[in-house]
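Each chain, letter by letter, is given below.
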Amino acid sequence: MVLEDSESPLDSNITAFALKAKVIYPINQKFRPLADGSSNPSLHENPKQAVLPNQVVETSTSGSLGSLSQGDKEDCSSSTTIHSTTSDDRFQARAFLKVTSFPEVLTCESFDVKLCLCSLILKDLMHLDTELRKEKHVMFIQVLKIYLTDFYREKKITDDLFKKILLIQENDFEELQKQLDSRLQNTEMSGAHNSDYQTLEDLERKEREYSEHVIDNMEAFWKQTDKAQQAFLDQSKCSSAKTTKIMMDLTEKMIAVESLLSESQDLRAMDIQERLFNWELMVKMIDSLKSYIPEECKGRLIIVSNILDHLTVKNNLSVRQKEELLTDLHKAFWEQLAHFSNECMQQSKDLILKRLECRAKKKEEFKHRQEAEQESLLSKTFLNEDIHNFLKAYHELIEKHQRAQWELEEEDDCESAEAVASLYKELYSKASHALEELVTELFLQTLPVVTGLSVRECELLKEEWQENLVPQLEKWETHRQKRWKLFQEQLSQEKELWTMEYALSAVMQKHLSEKQEKIIQGVVSRLGCLSDESVNYILQKHRLLLCSVLRRLTLRRAGMAALACMRLSRKKSLLQELSEQHTLQKGSSPCQDEDQWQLQKAVESHIREEEEKLEEETQETNLEFHQQLVTEIQEALQFLQQHMEQVIGQTLLQHAQQEAGKKSSDDGQDFKERLVEAAVESVYGTSNNINRLVQNYYQQLGKITESYEGKKLQQLKSLQERNEKIRLKKKQEDELALKEKHTKGFLNVSSAVCQRIMLQQKKVLSQFELQQQIRLESLKQKLLVLHHLETELENQLREAEQDFVSELAVLTRVPVTVKKKPSKRSKPAGEKIKSRRQTFHSPQSAEKDDSHENIQEPHGLTSDSCREMLQSPHEGETEPRKNSNMLKKKGSK
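Residues numbered from 1 in each chain as written. Predicted model: local features only at pLDDT ≥ 70, side-chain atom pairs only at ≥ 80, totals over all residues. Heavy atoms only, no water.

To continue, consider the overall build of the protein chain. A tally of regular secondary structure across the protein chain gives 21 helices and two strands. Within the protein chain, buried positions represent 43% of all 893 residues. Within the protein chain, counting contacts between residues at least 6 apart in sequence, those at least 24 apart form 83% of the total. When the accessible surface of the protein chain is summed, it comes to about 48,500 Å², and 52% of that surface belongs to carbon and sulfur atoms. (Helix = DSSP H or I, 4+ residues; strand = E, 2+ residues; numbered from the N terminus. Buried < 20%, exposed > 50% of the residue type's maximum accessible area, 1.4 Å probe, protein only. Contact = heavy atoms within 4.5 Å. Areas by Shrake-Rupley, 256 points an atom, 1.4 Å probe, with all protein chains shown as cover.)

Okay, structure coming up:
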């Protein structure tokens, strides 16, 4: 950078002598005399190409087209080796300009252009992610507001509660955004020694940390939305069915939001990539104008040198005089060109600065106008049935604003590039005019004095210079067209690579989506106890979170592709320039002798080697970023799994509460209490009679439990034997099928190690899936058997309890009649006590797994109360009050 900003080395006598001493001979000549100006193209080279040993070599299309034919004769690898200048680590640590908009790139060095453009792509992707996240937050708040408005109109919540819930959610989301902004600010500041420059290594680290922060923010957002929904439903005191329906509706609306955002993200990401190609075209145009000036001027000077050579051969001019004239001409011209170039560069920077200020003002005006339009839409009142219309209207408004801002930036980019191009065209005009004046002075004023030629003869020499210039200009124009065509072909290849990248990203999304859907379907199917509404809610919730995760990972993949392009940009640009120079040289000067042919073959071989190395490095880089992406996918899916575990757990808890509520409403506790109170008042229940009833009830419960245990052991044993037979049969069939596939695979590719590994992997995975499937089928069958047995046990226990309660009511002659509530799962238990049980409700028994405890402590009468009856003094039928007190005590227990 210091060398590039310094003045021309031709200002120094030492440098001028060094340039004169540096002679590069044509291919067909060896060991020409020293200081032969006619064959010394080094005099006409751009002096800014000099670099320090520890500096990264910068190359551009402004290099000499003849370098391959002139410099590689002595050492072919000296000017074509790509890896000799610096290591990859040093390249990643090299600082390049930190730009915020495209016009700033127009004044960057050629080496930094690709890095700067890709960094702008990363900035655009980050800005896109921020806008979509903000839009999602606003949409959720508005959807929640619409539901709250409906509840407020139905007077299920108060106005204060309505405002409080909305305010809490807005504050929580603002706090989430503040936390994210703080983390991103810390990431931006870490490792930044110079705020004007950045390195590729720092950029990769920032992108990685940004992705981690965004995933954490996404997790916090969905937790906050669940919390907001639950708080809203708790405050509204809705029924369970109504709560489930509202949560499903909210989830469905947010799925629609994610669908809109995902579609918008894909389209805008492609627009961002297309913008990169447009930027490269504009930068190439400016770079061509920059290189056009020195190349043409060098050609004009070469023609002057050839004319002076001819005068030297005719002895009209000595070699020393010729060298002095050429040196003075070069010095005068390059000084003027450097002055014009510096002036043009400064004008470009001032122009771009002014245009950026104007752009900032326009964007600020756009922002205020767009915020007013958004506020106007958000202030409108929407009903529940208008939610989809609102989401569509708001999203279209946001897209309209973004499209307007996008068009403003693109228009300003084009105008900035055209303005800079006009400045360089003006520079070309100034340089050509200055050179023509110097050449005119040389031919018409200096040469007549030095050579003694007449003015007319010198005018003829100038006309000869102009005539020789015409074919050279045509040749340079042809070269420029070829260069532009080669550049367009390279750009077309890059577009194909990006298209393939988007296709791979779509395949990745589809694969992950199908795999995760299969997993959640398997989890839900194994639960088996939830209602269809609960299952649909779980599936919808999973789909919502999965869409959000995949959308973020798609954007991350696009960012990684840009980083990979930046990492490979140096070697790719050097190889492209080398191939371009070789192609142009090959087309302009066909091989004349064996030496030229050998050199051409050596260069082509070297290019092939470098292409192979670049391809290998590209694969390694892509693999590295792919592994990093896989790691981040696993972390994101871990968040998805943890969140879904909480959702499923909450759903199971609600289901258990609902079932418990049903049981508590059907357990007939009220009737038992009324029966006990009535029996207390009765004088017919004695200790002996009640003791006999209890003993009979215990015996009946023991028989029922013993029968249940026997059936359970028998059924499980039979089931185990049957499952073992099925497992062995399926295992044999699967092994036979795998063996056939294995043999077939080896017949097709007997020596392919990769194929054998894949076959072995498929075999292991198939065995694992088979074992898992057999185990799941066995558990399902076991569950069905146990469910059947437990249902039968419940019915028998319920019948025994009904008999006991009925006999107790008959014994104590309680004149209480209660309408029976039929149980959904109970079955008729015979006709023996049908007439008596028609007037009493059948309370459900305790939990199925506690059947042994039911024997010890039946409902209404416990073993302790029976023992108390047996130990109490028996006074015959004359103690009704005492027995009544004992009944009251037993009823309370």
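Turning to helix α12 (residues 455–527), a few remarks are in order. Compared with an ideal rise of 1.5 Å per residue, which puts 73 residues at 108 Å, α12 spans 106 Å between its outermost C-alpha atoms and is within 8% of the ideal. Along α12, the helix axis deviates most sharply at Val470, where the bend reaches about 25°; the proline Pro471 sits within four residues downstream. A positive backbone phi angle near 75° is found at Gly528, which sits one or two residues after α12. (Expected span 1.5 Å × (residues − 1). Bend = angle between axes of the 7 residues up to and from the residue.)

For the rest of this paragraph, the subject is the confidence of the model for the protein chain. Parts of the prediction with low pLDDT should not have their coordinates interpreted in detail. When pLDDT is averaged across the protein chain, the result is 75; 75% of the residues are at 70 or more. Every residue in residues 1–87 is under pLDDT 50, and counting partners more than four places away or in other chains gives 156 contacts. This model gives residues 745–751 a pLDDT under 50, and the stretch forms five contacts once residues within four places in sequence are excluded. (pLDDT = per-residue confidence, 0-100.)

Turning our eyes to something else, we now look at a negative patch on the surface. A cluster of acidic residues, Glu364, Glu365, Glu371 and Glu375, forms a negative patch on the protein surface. By the element assignment, Glu364 lies in helix α10 (residues 319–378). (Patch = residues over 30% accessible without salt bridge, like charges linked within 9 Å, V, L, I, M, F, W, Y side chains within 5 Å. Salt bridge = Lys/Arg side-chain N within 4 Å of Asp/Glu carboxyl O. Lys, Arg positive; Asp, Glu negative; His and termini not counted. Charge placed at Lys NZ, Arg CZ, Asp CG, Glu CD.)

A word on the nonpolar core. If you look at soluble globular proteins, the nonpolar side chains tend to sit buried side by side. Counting 145 residues, the largest nonpolar core has Phe102, Val105 and Met566 as its most contacted members. Here this core gets 24 residues from one element, more than from any other, and that element is helix α9 (residues 240–313). If you look at the next biggest cluster of nonpolar residues, it comprises 17 residues, including Ile690, Val785, Leu789 and Leu793. (Core = buried A, V, L, I, M, F, W, Y, C linked by side-chain atoms within 4.5 Å.)

What follows covers unusual backbone geometry. Notably, Asn315 is not glycine yet its phi reads approximately 65°, a positive angle. Tracing the chain through its elements places Asn315 in the loop between α9 and α10.

Glancing now at the side chain of Lys114. Structurally, Lys114 is set in helix α6 (residues 113–153). By relative accessible area, which is 17% here, Lys114 ends up buried. Separated by 3.4 Å, the side chains of Lys114 and Glu494 make a polar contact. Apart from residues lying up to four places away in sequence, Lys114 is in contact with Glu280, Glu494, Cys565 and Ser569. (Polar contact = N/O pair within 3.5 Å; in protein donor to acceptor, adjacent residues only side chain to side chain.)

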